[in-house]
Amino acid sequence: MSTHHPIAIIGGGLGGLTAARVLHTAGIEATVFELEPSARARTQGGMLDIHEESGQKALHAAGLYDAFRKIIHEGGQAMRLVGPDGTVHIAEEDDGEGDRPEVDRGDLRDLFLDSLPDGTIRWGGKVTGARVLGDGRHEVSFADGSTVTTDLLIGADGAWSRIRPLVSAAQPAYTGISFVEADLLDADARHPRSAAVIGGGFFICLGDERGFLGHKETDGSLHVYTALKVDESWVDGIDFDDTAAAKAAVLAHFEGWDEGLRGLVGDADGTLTPRRIHALPVGHRWERVTGVTLLGDAAHLMSPFAGEGANLAMLDGAELGQAVAAHPRDIEAALTAYEAALFPRSEASAAESAGSLDAMFGADGLEKMAAFFTTGPAGA
């Protein structure tokens, strides 16, 4: 049997949770369907810098800004830009005055989860498809054979959204960059050389159209992304279950680089995780489709090289919730207003992300990034 939910949010990431929270504060009930079986099914991982003009704005709208300030990573706004020989080109300390405080993604997600009434999240809701019923209503099918119907369907289900085909035929395309993720645990005690390389906040090392990106996490570990300009099939030729072989394959791209930098991969704990970087077309948008919309990566997947993904998802969720609250009896007016702001904002950020990718992984990526951090975007 199918159950009906007036508002169904597909995806329990930061964007979907923000939408649910803002709606809740306005007295509007929404149900979030999340494919993970529980809140603790996997480590959310990674540090996020929360931007004043987007992520922080969303937190204010959700009534969670003060609670957010209690979980920020003190010192996390420090930044270091390094070359392949280990030379530090830019070093900025966190003086507490920056407008992009760092937070652990998992801690931020928990903040939203704890702010929602019991029963808001339906865990284990793996969507297999969605179809139009007419009169603005939709039906969503799940892997367990169940279905739900809804008057407002919100696709917050990420890069490979099952809801996106209702409004757009666009598919994410490979950007030419692949990541290999690594962790170094209890870094100060177990990996002091790597801890010294990364520093206390965000770390960037670029050269020869490749590099390392990293953070020191709130638990004292280091999370490192090796970034390579490789063919889309490159990861398929590596057995990532054989960690030693995978490390050798990655490090083959860094012959001659400083040994401290190579140690970010060579000394890593546990397995390495590959991830191809995809993006939707810059300027992705759709014609108004009654009763359904998208937010976050489902709407505007972009590369991570402008730091906008999570921030925009949260702002999308907040503004969508506010639009529905402002037009509770006219969903189409709400969605029209929301998308009118969504499209130009996401196009600008996607263009910035694509431009940053080209700059960082071009022949003179280190020099361009040094100019950016010294003189701002015009210098890049």
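Residues numbered from 1 in each chain as written. Predicted model: local features only at pLDDT ≥ 70, side-chain atom pairs only at ≥ 80, totals over all residues. Heavy atoms only, no water.

Engineer: It is not clear to me how the overall build of the protein chain should be interpreted in this structure. Could you clarify?
Structural biologist: If you tally the helices and strands in the protein chain, you get 12 helices and 16 strands. In terms of overall dimensions, the protein chain is globule-like: its C-alpha atoms have a radius of gyration of 21 Å, near the 21 Å expected for 380 residues. Overall size of the protein chain, expressed as C-alpha extent along the three principal axes, is 65 × 45 × 40 Å. Taking the intrachain contacts of the protein chain between residues at least 6 apart in sequence as the baseline, contacts between residues at least 24 apart amount to 72%. Put simply, the protein chain shows about 16,200 Å² of open surface, and 49% of that area lies on carbon and sulfur atoms. (Helix = DSSP H or I, 4+ residues; strand = E, 2+ residues; numbered from the N terminus. Rg over C-alpha atoms; globule rule 2.2 N^0.38 Å. Contact = heavy atoms within 4.5 Å. Areas by Shrake-Rupley, 256 points an atom, 1.4 Å probe, with all protein chains shown as cover.)

Engineer: Explain the nonpolar core to me, please; I cannot follow it from the model alone.
Structural biologist: Counting 57 residues, the largest nonpolar core has Ile7, Ile9, Leu59, Phe68, Leu108, Phe112 and Leu153 as its most contacted members. Discounting residues that sit within four places of it in the chain, Leu108 has contacts with Leu14, Leu48, Ile50, Leu59, Phe68, Ile71, Val103 and Met314. The next biggest cluster of nonpolar side chains, apart from the first, holds 30 residues, and it includes Tyr174, Phe203, Phe240 and Val250. (Core = buried A, V, L, I, M, F, W, Y, C linked by side-chain atoms within 4.5 Å. Buried < 20%, exposed > 50% of the residue type's maximum accessible area, 1.4 Å probe, protein only.)

Engineer: Hey, could you run me through helix 4 (residues 105–114) in this one?
Structural biologist: Quick reminder: α-helices carry 3.6 residues per turn. Residues three or four places apart thus point the same way. Helix 4 sits mainly inside the fold: seven of its 10 residues count as buried. Listed in full, the buried residues belonging to helix 4 are Gly106, Leu108, Arg109, Asp110, Leu111, Phe112 and Leu113. In this structure Asp104 caps helix 4, since a side-chain oxygen of it lies 2.8 Å from the backbone nitrogen of Gly106. (Polar contact = N/O pair within 3.5 Å; in protein donor to acceptor, adjacent residues only side chain to side chain.)

Engineer: I'm lost on the packing of aromatic side chains in this one. Help?
Structural biologist: With the rule as written, the count across this model stands at 10 aromatic pairs. Ring geometry for Phe212 and Phe254: centres 4.5 Å apart, planes at 25°, overall stacked. Taken as a pair, Phe212 in strand 13 (residues 210–216) and Phe254 in the loop between helix 7 (243–251) and helix 8 (259–266) lie far apart in primary sequence, 42 residues in all. Each of the two residues, Phe212 as well as Phe254, counts as buried. (Phe/Tyr/Trp six-rings, centres within 6.5 Å; stacked < 30°, edge-to-face > 60°.)

Engineer: Is there a simple way to explain empty space enclosed by the protein in this structure?
Structural biologist: Over the atoms a probe the size of a water molecule is rolled, and this reveals where empty space is left. Under the criterion given, the structure shown has one cavity of 30 Å³ or more. Here the largest cavity defines a volume of roughly 30 Å³. Along its surface, the largest cavity is lined by Leu280, Pro281, Gly283, His284, Ala299, His300, Leu301, Ser346 and Ala350. Secondary-structure elements contributing two or more residues to the lining of the largest cavity are helix 9 (297–300) and helix 11 (331–360). In terms of residue class, the lining of the largest cavity is made up of five nonpolar, four polar and no charged. (1 Å grid on protein atoms, 1.4 Å probe; cavity = no way out; pocket = protein on both sides within 12 Å on 5 of 7 lines; lining within 4 Å. Points joined across faces, edges and corners; volume = space filled by probe spheres on them. Nonpolar A, V, L, I, M, F, W, Y, C, P; charged D, E, K, R; others polar.)

Engineer: What is the right way to look at the packing of helix 10 (residues 309–326) against helix 11 in this model?
Structural biologist: Geometry of a packed helix pair, given as the angle between the helix axes and the separation of the axes. Contact geometry of helix 10 with helix 11 gives a least axis separation of 8 Å together with a crossing angle of 160°. When the axis of helix 10 is compared with that of helix 11, the two are roughly antiparallel. In this structure, helix 10 meets helix 11 at a crossing whose hand is right-handed. Residue-level inspection shows Leu312, Leu315, Asp316, Glu319, Leu320, Ala323 and Val324 of helix 10 in contact with helix 11, the latter providing Ile331, Ala334, Leu335, Tyr338, Ala341, Leu342, Arg345 and Ser349. (Axes fitted to C-alpha atoms, helices over the stretch in contact; angles between N-to-C directions. Parallel < 35°, antiparallel > 145°, perpendicular 65-115°, else oblique. Left-handed = near helix turned anticlockwise from the far one by under 90°.)

Engineer: It is not clear to me how the sheet that holds strand 5 (residues 88–92) should be interpreted in this structure. Could you clarify?
Structural biologist: Two strands in a sheet stick together by hydrogen bonds in their backbones, pointing the same way (parallel) or opposite ways (antiparallel). One open sheet accounts for seven strands, arranged 5-4-12-13-14-11-15; its pairing is mixed. Bordering the open sheet on either side are strand 5 and strand 15 (269–279), each of which pairs with just one other strand. Recorded for the sheet is a direction-independent mean angle of 15° between the axes of neighbouring strands. As defined by bridge partners, strand 11 (residues 173–184) adjoins strand 15 across seven bridges and the pair is classed as antiparallel. Its bridge partner lying in strand 15, Phe179 is registered against Arg275. In this fold helix 12 (residues 365–375) packs onto strand 4 (79–82), strand 5 and strand 12 (202–207), with an angle of close to 150° to the strand it touches most, strand 4. (Pairing = 2+ DSSP bridges.)

Engineer: Explain the environment of Tyr65 here, please?
Structural biologist: In this fold, Tyr65 is placed in helix 3 (residues 65–69). We classify Tyr65 as buried; its relative accessible area is 18%. Considered as a pair, Tyr65 and Thr273 are 208 residues apart in the sequence and their alpha carbons are 33 Å apart. Discounting chain neighbours no more than four positions away, the residues touching Tyr65 are Gln56, Leu59 and His60.

Engineer: Just to check I follow, could you spell out the pattern of salt bridges for this structure?
Structural biologist: Scanning the entire structure with this criterion turns up 17 salt bridges. Here Arg109 ties to Glu36 by a salt bridge, and the two come within 3.5 Å at their closest N and O atoms. Pair noted here: Arg109 is in helix 4 and Glu36 is in the loop between strand 2 (31–34) and strand 3 (47–49), with a separation of 73 residues, a long-range link. According to the relative accessible area criterion, Arg109 is buried, its value standing at 4%. With a closest N to O distance of 2.9 Å, Arg190 and Asp269 form a salt bridge. Residue Arg190 is found in helix 5 (residues 187–190), and its partner Asp269 is found in strand 15; the two are separated by 79 residues along the sequence. Classification of Arg190 as partly exposed rests on a relative accessible area of 46%. (Salt bridge = Lys/Arg side-chain N within 4 Å of Asp/Glu carboxyl O.)

Remember that the coordinates give geometry; whether it matters functionally is a separate question.
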